[in-house]
Amino acid sequence: MSKKPNKLKARLPRGFVDRSAADIRATDEMIARIKEVYERYGFDPVETPAFEYTDCLGKFLPDTDRPNAGVFSVQDDDEQWMSLRYDLTAPLARHVAENINEIQLPYRTYRAGWVFRNEKPGPGRFRQFMQFDADTVGAPGVQTDAEMCMMMADAMEALGLQRGQYVIRVNNRKVLDGVLDAIGLGGDENAERRLTVLRAIDKLDKFGTEGVRLLLGEGRKDESGDFTKGAELDAAAIDQIVGFVGGTAQIDNEGQAELDQMQAIFDACGYGADRVKIDPSVVRGLEYYTGPVYEAELLFDVTNEKGEVVQFGSVGGGGRYDGLVKRFTGRDVPATGFSIGVSRLMTALKNLGKLGQTEVVAPVLVTVMDGDAEALGRYQKMVQDLRGAGIRAEMYQGNWKKFGNQLKYADRRDCPIAIIQGSDERAAGELQIKDLIEGKRLSEEITDNVTWRESRPAQITVAENALVETVRKLLADQAEDRARSANAGAA
RNA sequence: GCAGACGUAGCUCAGUUGGUUAGAGCGUCGGAUUGUGGCUCCGAAGGUCGGUGGUUCGAAUCCACCCGUCUGUACCA
(Lines give C-alpha, C1' and ligand atoms only; values in the text may rest on other atoms or scores of the structure.)
Protein backbone atom coordinates (compact mmCIF):
# COMPACT_ATOMS: atom_id res chain seq x y z
CA MET A 1 0.00 0.00 0.00
CA SER A 2 2.84 2.33 -0.72
CA LYS A 3 1.68 5.75 -1.69
CA LYS A 4 2.59 6.47 -5.24
CA PRO A 5 5.04 9.24 -5.86
CA ASN A 6 3.49 12.26 -7.49
CA LYS A 7 2.98 11.32 -11.07
CA LEU A 8 3.53 13.97 -13.66
CA LYS A 9 0.13 15.01 -14.86
CA ALA A 10 -0.32 14.93 -18.62
CA ARG A 11 -2.18 18.04 -19.56
CA LEU A 12 -2.77 20.10 -22.64
CA PRO A 13 -2.26 23.85 -22.30
CA ARG A 14 -5.63 25.51 -22.22
CA GLY A 15 -6.91 26.82 -25.49
CA PHE A 16 -4.87 24.31 -27.48
CA VAL A 17 -6.03 21.05 -29.04
CA ASP A 18 -4.55 17.83 -30.26
CA ARG A 19 -5.81 17.17 -33.75
CA SER A 20 -7.30 13.84 -34.74
CA ALA A 21 -6.67 11.98 -37.98
CA ALA A 22 -10.12 13.01 -39.19
CA ASP A 23 -9.50 16.68 -38.44
CA ILE A 24 -6.14 16.66 -40.13
CA ARG A 25 -7.55 15.03 -43.23
CA ALA A 26 -10.47 17.46 -43.28
CA THR A 27 -8.12 20.41 -42.97
CA ASP A 28 -5.87 19.09 -45.72
CA GLU A 29 -8.88 18.70 -47.95
CA MET A 30 -10.03 22.26 -47.27
CA ILE A 31 -6.61 23.71 -47.89
CA ALA A 32 -6.28 21.83 -51.13
CA ARG A 33 -9.58 23.19 -52.40
CA ILE A 34 -8.91 26.78 -51.39
CA LYS A 35 -5.40 26.62 -52.80
CA GLU A 36 -6.72 25.52 -56.15
CA VAL A 37 -8.80 28.68 -56.34
CA TYR A 38 -5.90 30.95 -55.38
CA GLU A 39 -3.60 29.27 -57.88
CA ARG A 40 -6.17 29.72 -60.61
CA TYR A 41 -6.29 33.43 -59.81
CA GLY A 42 -2.54 33.58 -60.34
CA PHE A 43 -1.33 33.67 -56.76
CA ASP A 44 1.90 32.01 -55.60
CA PRO A 45 2.65 30.59 -52.16
CA VAL A 46 5.11 32.05 -49.69
CA GLU A 47 5.77 31.02 -46.13
CA THR A 48 7.12 32.93 -43.17
CA PRO A 49 8.09 31.54 -39.75
CA ALA A 50 5.88 31.35 -36.68
CA PHE A 51 8.11 33.75 -34.76
CA GLU A 52 8.85 37.37 -35.56
CA TYR A 53 10.59 40.10 -33.64
CA THR A 54 7.87 41.69 -31.57
CA ASP A 55 8.30 45.20 -32.99
CA CYS A 56 7.84 43.87 -36.55
CA LEU A 57 4.42 42.57 -35.58
CA GLY A 58 3.38 46.06 -34.64
CA LYS A 59 3.38 45.40 -30.92
CA PHE A 60 5.37 47.53 -28.56
CA LEU A 61 7.10 46.96 -25.30
CA PRO A 62 5.43 49.12 -22.70
CA ASP A 63 7.44 50.31 -19.73
CA THR A 64 7.17 46.84 -18.21
CA ASP A 65 9.32 43.99 -19.48
CA ARG A 66 6.32 42.34 -21.08
CA PRO A 67 5.00 42.96 -24.59
CA ASN A 68 1.34 43.64 -25.08
CA ALA A 69 -1.07 41.07 -23.81
CA GLY A 70 -2.63 38.97 -26.49
CA VAL A 71 0.61 37.72 -27.99
CA PHE A 72 2.89 34.93 -26.82
CA SER A 73 6.32 36.40 -26.39
CA VAL A 74 9.76 35.21 -25.36
CA GLN A 75 13.17 36.82 -25.17
CA ASP A 76 15.91 35.57 -27.45
CA ASP A 77 19.37 34.96 -25.97
CA ASP A 78 20.37 38.47 -27.01
CA GLU A 79 17.38 39.73 -25.01
CA GLN A 80 15.43 40.83 -28.06
CA TRP A 81 11.70 40.21 -27.74
CA MET A 82 10.19 37.72 -30.16
CA SER A 83 6.53 36.83 -30.51
CA LEU A 84 4.49 34.10 -32.08
CA ARG A 85 2.60 35.64 -34.99
CA TYR A 86 -1.05 36.46 -34.28
CA ASP A 87 -1.97 36.79 -37.95
CA LEU A 88 -0.34 36.28 -41.34
CA THR A 89 -0.62 39.85 -42.57
CA ALA A 90 1.96 41.58 -40.40
CA PRO A 91 4.60 38.90 -41.18
CA LEU A 92 3.85 39.27 -44.88
CA ALA A 93 4.37 43.02 -44.64
CA ARG A 94 7.73 42.34 -43.00
CA HIS A 95 8.67 39.83 -45.68
CA VAL A 96 7.79 42.21 -48.49
CA ALA A 97 9.55 45.16 -46.88
CA GLU A 98 12.69 43.12 -46.26
CA ASN A 99 12.78 41.82 -49.84
CA ILE A 100 11.28 44.83 -51.59
CA ASN A 101 14.06 44.98 -54.17
CA GLU A 102 13.70 41.37 -55.26
CA ILE A 103 9.93 41.16 -55.29
CA GLN A 104 8.10 42.09 -58.44
CA LEU A 105 5.12 44.23 -57.53
CA PRO A 106 2.22 43.80 -57.62
CA TYR A 107 2.95 40.70 -55.63
CA ARG A 108 0.14 38.17 -55.53
CA THR A 109 0.65 35.59 -52.82
CA TYR A 110 -1.08 33.10 -50.54
CA ARG A 111 -0.15 31.00 -47.51
CA ALA A 112 -1.76 28.88 -44.85
CA GLY A 113 -0.37 28.74 -41.37
CA TRP A 114 -0.91 28.51 -37.66
CA VAL A 115 -1.34 31.72 -35.73
CA PHE A 116 -1.39 32.21 -31.98
CA ARG A 117 -3.34 34.48 -29.70
CA ASN A 118 -2.82 34.65 -25.99
CA GLU A 119 -6.37 35.35 -24.95
CA LYS A 120 -9.34 33.65 -23.37
CA PRO A 121 -10.30 30.51 -25.26
CA GLY A 122 -13.90 29.43 -25.71
CA PRO A 123 -15.87 26.82 -27.58
CA GLY A 124 -14.64 26.92 -31.16
CA ARG A 125 -12.13 29.56 -30.18
CA PHE A 126 -8.54 28.50 -29.63
CA ARG A 127 -5.18 30.03 -28.88
CA GLN A 128 -3.70 28.32 -31.91
CA PHE A 129 -5.65 28.19 -35.12
CA MET A 130 -5.09 28.11 -38.83
CA GLN A 131 -5.58 30.91 -41.28
CA PHE A 132 -5.36 30.80 -45.04
CA ASP A 133 -4.53 34.21 -46.51
CA ALA A 134 -4.24 35.75 -49.92
CA ASP A 135 -2.86 39.22 -50.55
CA THR A 136 -1.97 41.53 -53.41
CA VAL A 137 0.82 43.87 -52.44
CA GLY A 138 1.67 46.96 -54.46
CA ALA A 139 -1.72 47.46 -56.08
CA PRO A 140 -3.46 50.72 -55.22
CA GLY A 141 -6.73 50.40 -57.13
CA VAL A 142 -10.02 49.11 -55.78
CA GLN A 143 -10.22 46.69 -58.69
CA THR A 144 -7.78 44.66 -56.64
CA ASP A 145 -10.11 44.72 -53.64
CA ALA A 146 -12.98 43.71 -55.89
CA GLU A 147 -10.97 40.76 -57.19
CA MET A 148 -10.20 39.71 -53.61
CA CYS A 149 -13.89 39.66 -52.76
CA MET A 150 -14.72 37.56 -55.76
CA MET A 151 -11.87 35.16 -55.04
CA MET A 152 -13.15 34.78 -51.50
CA ALA A 153 -16.59 33.94 -52.84
CA ASP A 154 -15.07 31.39 -55.21
CA ALA A 155 -13.15 29.85 -52.32
CA MET A 156 -16.38 29.45 -50.34
CA GLU A 157 -17.98 27.68 -53.24
CA ALA A 158 -14.92 25.49 -53.82
CA LEU A 159 -15.52 24.28 -50.28
CA GLY A 160 -18.97 23.12 -51.26
CA LEU A 161 -21.04 26.04 -50.00
CA GLN A 162 -23.98 26.97 -52.20
CA ARG A 163 -25.17 30.44 -53.11
CA GLY A 164 -27.24 31.63 -50.23
CA GLN A 165 -25.23 29.70 -47.66
CA TYR A 166 -22.63 32.44 -47.45
CA VAL A 167 -22.16 36.05 -48.46
CA ILE A 168 -19.18 38.35 -48.80
CA ARG A 169 -20.08 41.65 -47.18
CA VAL A 170 -18.16 44.70 -48.27
CA ASN A 171 -17.75 48.17 -46.81
CA ASN A 172 -15.20 50.97 -46.87
CA ARG A 173 -13.49 52.46 -43.88
CA LYS A 174 -13.55 55.91 -45.53
CA VAL A 175 -17.33 55.77 -45.65
CA LEU A 176 -17.57 55.19 -41.92
CA ASP A 177 -15.05 57.93 -41.29
CA GLY A 178 -17.25 60.29 -43.28
CA VAL A 179 -20.27 59.44 -41.18
CA LEU A 180 -18.32 59.99 -37.98
CA ASP A 181 -17.17 63.36 -39.32
CA ALA A 182 -20.75 64.29 -40.11
CA ILE A 183 -21.85 63.81 -36.51
CA GLY A 184 -18.97 65.86 -35.22
CA LEU A 185 -16.63 63.07 -34.17
CA GLY A 186 -13.80 64.06 -36.45
CA GLY A 187 -10.38 65.06 -35.20
CA ASP A 188 -7.76 63.49 -32.97
CA GLU A 189 -9.51 64.47 -29.77
CA ASN A 190 -12.41 62.12 -30.64
CA ALA A 191 -10.29 59.10 -31.59
CA GLU A 192 -11.35 57.11 -28.53
CA ARG A 193 -15.07 57.77 -29.07
CA ARG A 194 -14.80 56.93 -32.75
CA LEU A 195 -13.48 53.52 -31.76
CA THR A 196 -16.37 53.01 -29.36
CA VAL A 197 -18.83 53.88 -32.10
CA LEU A 198 -17.19 51.56 -34.62
CA ARG A 199 -17.22 48.73 -32.08
CA ALA A 200 -20.89 49.35 -31.44
CA ILE A 201 -21.67 49.20 -35.18
CA ASP A 202 -19.73 45.93 -35.40
CA LYS A 203 -22.19 44.41 -32.92
CA LEU A 204 -25.20 44.92 -35.18
CA ASP A 205 -25.63 41.27 -36.15
CA LYS A 206 -25.12 40.20 -32.55
CA PHE A 207 -27.38 42.58 -30.65
CA GLY A 208 -29.61 44.03 -33.37
CA THR A 209 -30.50 47.67 -33.87
CA GLU A 210 -31.73 48.16 -30.31
CA GLY A 211 -28.53 46.80 -28.81
CA VAL A 212 -26.45 49.06 -31.02
CA ARG A 213 -28.55 52.07 -29.99
CA LEU A 214 -27.84 51.29 -26.36
CA LEU A 215 -24.13 50.98 -27.01
CA LEU A 216 -24.11 54.27 -28.93
CA GLY A 217 -25.93 55.96 -26.07
CA GLU A 218 -25.75 55.21 -22.37
CA GLY A 219 -24.53 51.64 -22.50
CA ARG A 220 -25.86 48.12 -22.27
CA LYS A 221 -26.29 45.54 -19.54
CA ASP A 222 -25.60 41.89 -20.46
CA GLU A 223 -27.37 38.77 -19.27
CA SER A 224 -25.20 38.36 -16.22
CA GLY A 225 -25.94 41.94 -15.20
CA ASP A 226 -22.55 43.28 -16.19
CA PHE A 227 -22.71 46.79 -17.66
CA THR A 228 -20.91 48.01 -20.78
CA LYS A 229 -20.45 51.76 -21.02
CA GLY A 230 -21.65 53.29 -24.31
CA ALA A 231 -20.40 56.07 -26.57
CA GLU A 232 -22.85 58.56 -25.00
CA LEU A 233 -23.96 60.13 -28.26
CA ASP A 234 -27.08 62.27 -28.39
CA ALA A 235 -30.28 60.96 -29.92
CA ALA A 236 -29.85 62.79 -33.24
CA ALA A 237 -26.37 61.34 -33.79
CA ILE A 238 -27.58 57.86 -32.90
CA ASP A 239 -30.42 58.17 -35.41
CA GLN A 240 -27.99 59.27 -38.06
CA ILE A 241 -25.65 56.33 -37.51
CA VAL A 242 -28.40 53.75 -37.22
CA GLY A 243 -30.05 55.12 -40.35
CA PHE A 244 -26.81 54.95 -42.24
CA VAL A 245 -25.82 51.50 -41.07
CA GLY A 246 -29.30 50.24 -41.78
CA GLY A 247 -28.92 51.39 -45.37
CA THR A 248 -31.63 54.07 -45.32
CA ALA A 249 -29.14 56.93 -45.51
CA GLN A 250 -26.07 57.42 -47.70
CA ILE A 251 -23.06 59.61 -47.67
CA ASP A 252 -21.29 61.03 -50.69
CA ASN A 253 -17.53 60.77 -50.34
CA GLU A 254 -14.42 59.02 -51.66
CA GLY A 255 -15.24 55.84 -49.81
CA GLN A 256 -18.66 55.63 -51.39
CA ALA A 257 -17.14 56.29 -54.80
CA GLU A 258 -14.78 53.35 -54.25
CA LEU A 259 -17.65 51.13 -53.26
CA ASP A 260 -19.50 52.16 -56.41
CA GLN A 261 -16.49 51.23 -58.52
CA MET A 262 -16.26 47.86 -56.84
CA GLN A 263 -19.96 47.27 -57.35
CA ALA A 264 -19.53 47.99 -61.05
CA ILE A 265 -16.89 45.26 -61.25
CA PHE A 266 -19.06 42.78 -59.34
CA ASP A 267 -21.91 43.56 -61.74
CA ALA A 268 -19.72 43.16 -64.80
CA CYS A 269 -18.55 39.75 -63.60
CA GLY A 270 -21.99 38.60 -62.59
CA TYR A 271 -21.29 38.46 -58.86
CA GLY A 272 -24.71 39.42 -57.55
CA ALA A 273 -25.83 40.17 -54.02
CA ASP A 274 -26.16 36.45 -53.39
CA ARG A 275 -22.37 36.33 -53.44
CA VAL A 276 -20.91 39.77 -52.80
CA LYS A 277 -22.90 42.53 -51.15
CA ILE A 278 -22.18 46.08 -50.04
CA ASP A 279 -23.11 46.39 -46.37
CA PRO A 280 -22.55 49.60 -44.40
CA SER A 281 -22.34 47.79 -41.07
CA VAL A 282 -19.09 45.92 -41.78
CA VAL A 283 -16.30 47.27 -39.61
CA ARG A 284 -13.51 44.64 -39.21
CA GLY A 285 -10.22 45.33 -37.47
CA LEU A 286 -9.75 48.85 -36.24
CA GLU A 287 -6.01 49.06 -36.33
CA TYR A 288 -4.68 49.02 -39.86
CA TYR A 289 -7.42 48.92 -42.47
CA THR A 290 -7.49 52.06 -44.57
CA GLY A 291 -10.08 51.54 -47.30
CA PRO A 292 -12.30 48.69 -48.43
CA VAL A 293 -13.00 46.02 -45.83
CA TYR A 294 -14.79 42.74 -46.46
CA GLU A 295 -15.79 39.63 -44.62
CA ALA A 296 -17.28 36.21 -45.37
CA GLU A 297 -20.31 35.28 -43.37
CA LEU A 298 -22.18 31.98 -43.17
CA LEU A 299 -25.93 32.27 -43.54
CA PHE A 300 -27.06 28.84 -42.38
CA ASP A 301 -27.60 27.64 -38.83
CA VAL A 302 -24.74 25.73 -37.29
CA THR A 303 -25.48 23.33 -34.46
CA ASN A 304 -22.76 22.32 -32.03
CA GLU A 305 -22.11 18.89 -30.45
CA LYS A 306 -24.82 19.58 -27.89
CA GLY A 307 -27.35 20.23 -30.64
CA GLU A 308 -27.61 23.93 -29.88
CA VAL A 309 -27.78 26.47 -32.67
CA VAL A 310 -24.78 28.74 -32.47
CA GLN A 311 -24.28 32.20 -33.94
CA PHE A 312 -21.45 31.51 -36.30
CA GLY A 313 -20.77 34.90 -37.81
CA SER A 314 -17.70 35.64 -39.83
CA VAL A 315 -15.41 32.89 -41.11
CA GLY A 316 -12.95 35.19 -42.80
CA GLY A 317 -12.27 38.75 -43.70
CA GLY A 318 -9.80 41.31 -44.81
CA GLY A 319 -9.31 44.67 -46.36
CA ARG A 320 -6.91 47.24 -47.63
CA TYR A 321 -3.92 48.04 -45.47
CA ASP A 322 -1.96 50.73 -47.25
CA GLY A 323 0.17 51.68 -44.27
CA LEU A 324 1.54 48.35 -43.15
CA VAL A 325 4.57 47.98 -45.43
CA LYS A 326 5.33 51.70 -45.28
CA ARG A 327 6.16 51.31 -41.61
CA PHE A 328 9.32 49.52 -42.72
CA THR A 329 10.16 51.06 -46.07
CA GLY A 330 8.95 54.59 -45.65
CA ARG A 331 7.59 54.35 -49.13
CA ASP A 332 4.00 53.74 -50.12
CA VAL A 333 3.29 50.10 -50.78
CA PRO A 334 -0.48 49.73 -50.93
CA ALA A 335 -1.83 46.27 -50.26
CA THR A 336 -5.07 44.40 -49.82
CA GLY A 337 -5.80 40.88 -48.72
CA PHE A 338 -7.95 38.62 -46.66
CA SER A 339 -7.81 35.68 -44.36
CA ILE A 340 -9.99 32.60 -44.07
CA GLY A 341 -10.35 31.10 -40.61
CA VAL A 342 -9.72 27.50 -41.58
CA SER A 343 -10.29 25.97 -38.15
CA ARG A 344 -13.55 27.80 -37.60
CA LEU A 345 -14.86 27.20 -41.06
CA MET A 346 -14.08 23.51 -40.75
CA THR A 347 -16.43 23.19 -37.79
CA ALA A 348 -19.25 24.59 -39.88
CA LEU A 349 -18.43 22.53 -42.96
CA LYS A 350 -18.29 19.28 -41.02
CA ASN A 351 -21.64 20.18 -39.59
CA LEU A 352 -23.00 20.64 -43.07
CA GLY A 353 -21.56 17.33 -44.26
CA LYS A 354 -19.33 19.06 -46.79
CA LEU A 355 -16.17 17.50 -45.46
CA GLY A 356 -14.92 14.07 -44.55
CA GLN A 357 -16.87 12.59 -47.44
CA THR A 358 -13.82 10.78 -48.67
CA GLU A 359 -13.62 8.20 -45.95
CA VAL A 360 -10.33 6.52 -45.34
CA VAL A 361 -10.46 2.75 -45.20
CA ALA A 362 -8.30 1.24 -42.46
CA PRO A 363 -5.50 -1.08 -43.56
CA VAL A 364 -5.85 -4.76 -44.32
CA LEU A 365 -4.30 -6.64 -41.40
CA VAL A 366 -1.97 -9.55 -42.02
CA THR A 367 -2.03 -11.56 -38.80
CA VAL A 368 0.96 -13.40 -37.38
CA MET A 369 0.68 -17.03 -36.34
CA ASP A 370 4.34 -17.80 -36.11
CA GLY A 371 7.00 -15.42 -34.89
CA ASP A 372 10.27 -16.82 -36.22
CA ALA A 373 12.26 -14.72 -38.62
CA GLU A 374 11.41 -16.77 -41.66
CA ALA A 375 7.69 -16.67 -40.99
CA LEU A 376 7.76 -12.95 -40.25
CA GLY A 377 9.45 -12.48 -43.60
CA ARG A 378 6.61 -14.33 -45.29
CA TYR A 379 3.94 -12.27 -43.55
CA GLN A 380 5.70 -9.03 -44.30
CA LYS A 381 6.03 -10.08 -47.94
CA MET A 382 2.24 -10.49 -48.13
CA VAL A 383 1.92 -6.96 -46.78
CA GLN A 384 4.40 -5.62 -49.31
CA ASP A 385 2.57 -7.37 -52.14
CA LEU A 386 -0.67 -5.71 -51.04
CA ARG A 387 1.03 -2.33 -50.75
CA GLY A 388 2.57 -2.85 -54.16
CA ALA A 389 -0.95 -3.16 -55.50
CA GLY A 390 -1.87 0.15 -53.88
CA ILE A 391 -3.74 -1.41 -50.96
CA ARG A 392 -3.27 -0.06 -47.42
CA ALA A 393 -1.93 -2.98 -45.41
CA GLU A 394 0.04 -3.77 -42.30
CA MET A 395 1.40 -6.75 -40.39
CA TYR A 396 0.34 -7.10 -36.77
CA GLN A 397 3.10 -5.57 -34.67
CA GLY A 398 1.90 -6.48 -31.18
CA ASN A 399 2.35 -9.70 -29.24
CA TRP A 400 1.55 -12.31 -31.90
CA LYS A 401 1.17 -15.10 -29.37
CA LYS A 402 -2.32 -13.93 -28.40
CA PHE A 403 -4.12 -14.47 -31.63
CA GLY A 404 -7.48 -13.28 -30.33
CA ASN A 405 -5.93 -9.90 -29.65
CA GLN A 406 -4.88 -9.60 -33.25
CA LEU A 407 -8.45 -9.78 -34.47
CA LYS A 408 -9.61 -7.59 -31.62
CA TYR A 409 -7.06 -5.04 -32.77
CA ALA A 410 -8.31 -5.36 -36.35
CA ASP A 411 -11.87 -4.92 -35.14
CA ARG A 412 -11.20 -1.79 -33.13
CA ARG A 413 -9.07 -0.32 -35.84
CA ASP A 414 -11.91 -0.93 -38.30
CA CYS A 415 -9.76 -3.05 -40.57
CA PRO A 416 -11.87 -4.26 -43.48
CA ILE A 417 -10.04 -7.56 -43.96
CA ALA A 418 -7.72 -9.85 -42.00
CA ILE A 419 -5.29 -12.29 -43.61
CA ILE A 420 -4.56 -15.48 -41.68
CA GLN A 421 -1.98 -18.13 -42.45
CA GLY A 422 -1.03 -20.73 -39.85
CA SER A 423 1.01 -23.88 -40.34
CA ASP A 424 -1.99 -25.80 -41.76
CA GLU A 425 -2.68 -23.25 -44.47
CA ARG A 426 1.01 -22.85 -45.12
CA ALA A 427 1.43 -26.58 -45.71
CA ALA A 428 -1.42 -26.46 -48.21
CA GLY A 429 -0.13 -23.32 -49.95
CA GLU A 430 -3.25 -21.45 -48.92
CA LEU A 431 -4.36 -18.62 -46.71
CA GLN A 432 -7.54 -17.44 -45.04
CA ILE A 433 -9.11 -14.14 -45.99
CA LYS A 434 -11.58 -12.86 -43.45
CA ASP A 435 -14.12 -10.18 -44.30
CA LEU A 436 -14.37 -8.40 -40.97
CA ILE A 437 -17.24 -6.17 -42.01
CA GLU A 438 -19.45 -8.99 -43.21
CA GLY A 439 -18.38 -11.00 -40.17
CA LYS A 440 -19.50 -8.24 -37.86
CA ARG A 441 -22.87 -8.21 -39.53
CA LEU A 442 -23.22 -11.97 -39.12
CA SER A 443 -22.22 -11.77 -35.46
CA GLU A 444 -25.47 -10.05 -34.65
CA GLU A 445 -27.31 -13.30 -35.23
CA ILE A 446 -24.96 -15.49 -33.22
CA THR A 447 -25.27 -15.42 -29.46
CA ASP A 448 -23.21 -18.44 -28.56
CA ASN A 449 -19.50 -17.89 -28.46
CA VAL A 450 -18.46 -21.42 -29.43
CA THR A 451 -20.54 -21.23 -32.60
CA TRP A 452 -19.22 -17.77 -33.32
CA ARG A 453 -15.64 -18.92 -33.11
CA GLU A 454 -16.00 -22.20 -34.88
CA SER A 455 -18.20 -21.06 -37.73
CA ARG A 456 -15.50 -18.58 -38.79
CA PRO A 457 -18.02 -16.28 -40.44
CA ALA A 458 -17.24 -14.52 -43.71
CA GLN A 459 -13.94 -16.28 -44.06
CA ILE A 460 -12.68 -17.91 -47.23
CA THR A 461 -9.69 -20.04 -48.12
CA VAL A 462 -7.72 -19.15 -51.23
CA ALA A 463 -4.43 -20.10 -52.81
CA GLU A 464 -1.46 -18.01 -51.67
CA ASN A 465 -0.99 -16.46 -55.08
CA ALA A 466 -4.60 -15.26 -55.14
CA LEU A 467 -4.05 -12.92 -52.17
CA VAL A 468 -3.85 -9.56 -53.89
CA GLU A 469 -6.55 -10.29 -56.40
CA THR A 470 -9.02 -11.58 -53.79
CA VAL A 471 -8.40 -8.69 -51.41
CA ARG A 472 -8.83 -6.18 -54.18
CA LYS A 473 -12.14 -7.72 -55.18
CA LEU A 474 -13.37 -7.84 -51.58
CA LEU A 475 -12.47 -4.20 -50.96
CA ALA A 476 -14.27 -3.17 -54.13
CA ASP A 477 -17.38 -5.05 -53.00
CA GLN A 478 -17.24 -3.41 -49.60
CA ALA A 479 -16.87 0.04 -51.17
CA GLU A 480 -19.90 -0.65 -53.32
CA ASP A 481 -21.92 -1.65 -50.26
CA ARG A 482 -20.93 1.53 -48.49
CA ALA A 483 -21.91 3.65 -51.46
CA ARG A 484 -25.26 1.89 -51.66
CA SER A 485 -26.12 2.39 -47.99
CA ALA A 486 -24.93 6.00 -48.15
CA ASN A 487 -27.32 6.62 -51.01
CA ALA A 488 -30.12 4.87 -49.18
CA GLY A 489 -29.40 7.05 -46.16
CA ALA A 490 -29.42 10.20 -48.25
CA ALA A 491 -32.71 9.38 -49.96
C1' G B 1 -10.49 41.85 -17.96
C1' C B 2 -15.71 41.99 -15.71
C1' A B 3 -20.23 39.14 -14.04
C1' G B 4 -22.44 34.46 -12.93
C1' A B 5 -22.70 28.97 -12.61
C1' C B 6 -19.96 24.68 -11.85
C1' G B 7 -15.54 21.18 -10.36
C1' U B 8 -16.30 13.41 -6.99
C1' A B 9 -12.60 7.19 -11.18
C1' G B 10 -10.74 7.58 -18.30
C1' C B 11 -16.42 9.07 -19.31
C1' U B 12 -21.58 10.03 -17.26
C1' C B 13 -23.06 10.76 -12.52
C1' A B 14 -24.81 9.13 -6.94
C1' G B 15 -23.01 10.44 -2.10
C1' U B 16 -28.56 12.02 3.68
C1' U B 17 -28.31 17.83 8.92
C1' G B 18 -20.58 17.52 8.67
C1' G B 19 -19.88 11.04 11.01
C1' U B 20 -16.55 4.32 10.06
C1' U B 21 -12.86 1.93 4.67
C1' A B 22 -16.24 7.58 -0.99
C1' G B 23 -20.05 4.25 -4.60
C1' A B 24 -22.70 2.83 -9.47
C1' G B 25 -23.04 2.35 -14.76
C1' C B 26 -20.06 2.59 -19.00
C1' G B 27 -15.03 2.11 -20.50
C1' U B 28 -9.96 -0.21 -19.60
C1' C B 29 -7.04 -4.60 -18.34
C1' G B 30 -6.83 -10.02 -17.13
C1' G B 31 -9.31 -14.86 -17.24
C1' A B 32 -13.20 -18.51 -19.04
C1' U B 33 -11.16 -19.08 -24.90
C1' U B 34 -2.37 -19.84 -25.53
C1' G B 35 -5.75 -20.87 -34.18
C1' U B 36 -10.45 -16.37 -34.63
C1' G B 37 -13.50 -9.93 -33.42
C1' G B 38 -19.11 -9.73 -31.22
C1' C B 39 -22.28 -11.65 -26.98
C1' U B 40 -22.16 -13.75 -21.93
C1' C B 41 -19.87 -14.85 -17.22
C1' C B 42 -15.84 -14.22 -13.47
C1' G B 43 -11.97 -11.09 -11.61
C1' A B 44 -8.76 -6.77 -11.21
C1' A B 45 -6.78 -2.06 -11.68
C1' G B 46 -8.21 2.83 -11.50
C1' G B 47 -9.60 8.58 -6.63
C1' U B 48 -4.25 13.97 -3.37
C1' C B 49 -13.25 14.19 -3.80
C1' G B 50 -9.62 20.63 -8.64
C1' G B 51 -5.46 22.98 -5.20
C1' U B 52 -3.95 25.45 -0.69
C1' G B 53 -5.19 27.26 3.89
C1' G B 54 -8.98 27.69 7.72
C1' U B 55 -13.41 26.21 11.09
C1' U B 56 -14.31 21.37 13.68
C1' C B 57 -13.29 15.79 17.94
C1' G B 58 -14.26 14.76 12.67
C1' A B 59 -14.71 17.99 5.95
C1' A B 60 -16.25 15.40 -0.64
C1' U B 61 -19.90 18.32 2.47
C1' C B 62 -18.95 24.73 5.89
C1' C B 63 -15.54 29.40 5.00
C1' A B 64 -11.44 32.14 2.31
C1' C B 65 -8.10 32.46 -1.59
C1' C B 66 -6.15 30.21 -5.98
C1' C B 67 -6.59 27.03 -10.44
C1' G B 68 -9.70 25.04 -14.15
C1' U B 69 -14.39 24.41 -17.06
C1' C B 70 -18.91 26.50 -18.90
C1' U B 71 -22.30 30.85 -20.00
C1' G B 72 -22.72 36.05 -20.93
C1' U B 73 -19.89 40.39 -21.79
C1' A B 74 -15.36 43.40 -22.93
C1' C B 75 -11.05 43.31 -26.09
C1' C B 76 -9.72 41.07 -30.78
C1' A B 77 -4.40 42.59 -35.04
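Basis of the calculations
- Residues numbered from 1 in each chain as written.
- Chains lettered and ligands numbered in written order.
- Predicted model: local features only at pLDDT ≥ 70, side-chain atom pairs only at ≥ 80, totals over all residues.
- Heavy atoms only, no water.
- Axes fitted to C-alpha atoms, helices over the stretch in contact; angles between N-to-C directions.
- Helix = DSSP H or I, 4+ residues; strand = E, 2+ residues; numbered from the N terminus.
- Parallel < 35°, antiparallel > 145°, perpendicular 65-115°, else oblique.
- Left-handed = near helix turned anticlockwise from the far one by under 90°.
- Contact = heavy atoms within 4.5 Å.
- Nonpolar A, V, L, I, M, F, W, Y, C, P; charged D, E, K, R; others polar.
- Buried < 20%, exposed > 50% of the residue type's maximum accessible area, 1.4 Å probe, protein only.
- Pairing = 2+ DSSP bridges.
- Domains from an automatic or database assignment.
- Buried area = accessible area lost by both parts, 1.4 Å probe.
- Salt bridge = Lys/Arg side-chain N within 4 Å of Asp/Glu carboxyl O.
- Polar contact = N/O pair within 3.5 Å; in protein donor to acceptor, adjacent residues only side chain to side chain.

J.: Help me out: how do you make sense of the packing of helix α4 (residues 173–182) against helix α7 (residues 235–245) in this one?
T.: Between α4 and α7, the shortest axis-to-axis distance is 10 Å and the interhelical angle comes to 160°. Overall, the two elements α4 and α7 adopt an arrangement that is roughly antiparallel. Where α4 crosses over α7, the handedness of that crossing is right-handed. Within the contact between the two elements, α4 uses V175, L176, V179 and A182 and α7 uses Q240, I241 and F244. Counted by class, the contact of α4 with α7 contains six nonpolar, one polar and no charged residues.

J.: For this particular structure, what's the right way to read the pairing of strand β4 (residues 81–84)?
T.: Two faces belong to every sheet, and in a regular strand the side chains alternate between them. Burial along β4 is two-sided: W81 and S83 facing one way and M82 and L84 facing the other are all buried. Bridge analysis of strand β3 (residues 73–75) against β4 gives three bridges, and the strand direction is antiparallel. Of the residues in β4, the one forming a bridge with V74 is M82. What sits between the antiparallel neighbours β3 and β4 is a turn of five residues, in which E79 has the positive phi angle 70°.

J.: How should the domain arrangement of chain A be read in this particular structure?
T.: When the parts come together, some accessible area is lost, and that loss is often what is quoted as the size of the interface. Annotation of chain A at the domain level lists domain 1 (21–50 + 85–181 + 249–352), domain 2 (184–232) and domain 3 (365–490). Computed over C-alpha atoms, the centres of domain 1 and domain 2 are 25 Å apart. The interface of domain 1 with domain 2 comprises ten residues on the first partner and twelve residues on the second. Between domain 1 and domain 2, roughly 990 Å² of surface is buried when both sides are summed, and carbon and sulfur atoms account for 65% of that area. At the boundary of domain 1 and domain 2, one finds zero salt bridges. The interface formed by domain 1 and domain 2 contains three residue pairs in polar contact (both at pLDDT 80 or more). Broken down by element, the residue count for the side of domain 1 that touches domain 2 peaks at three residues, all from α4.

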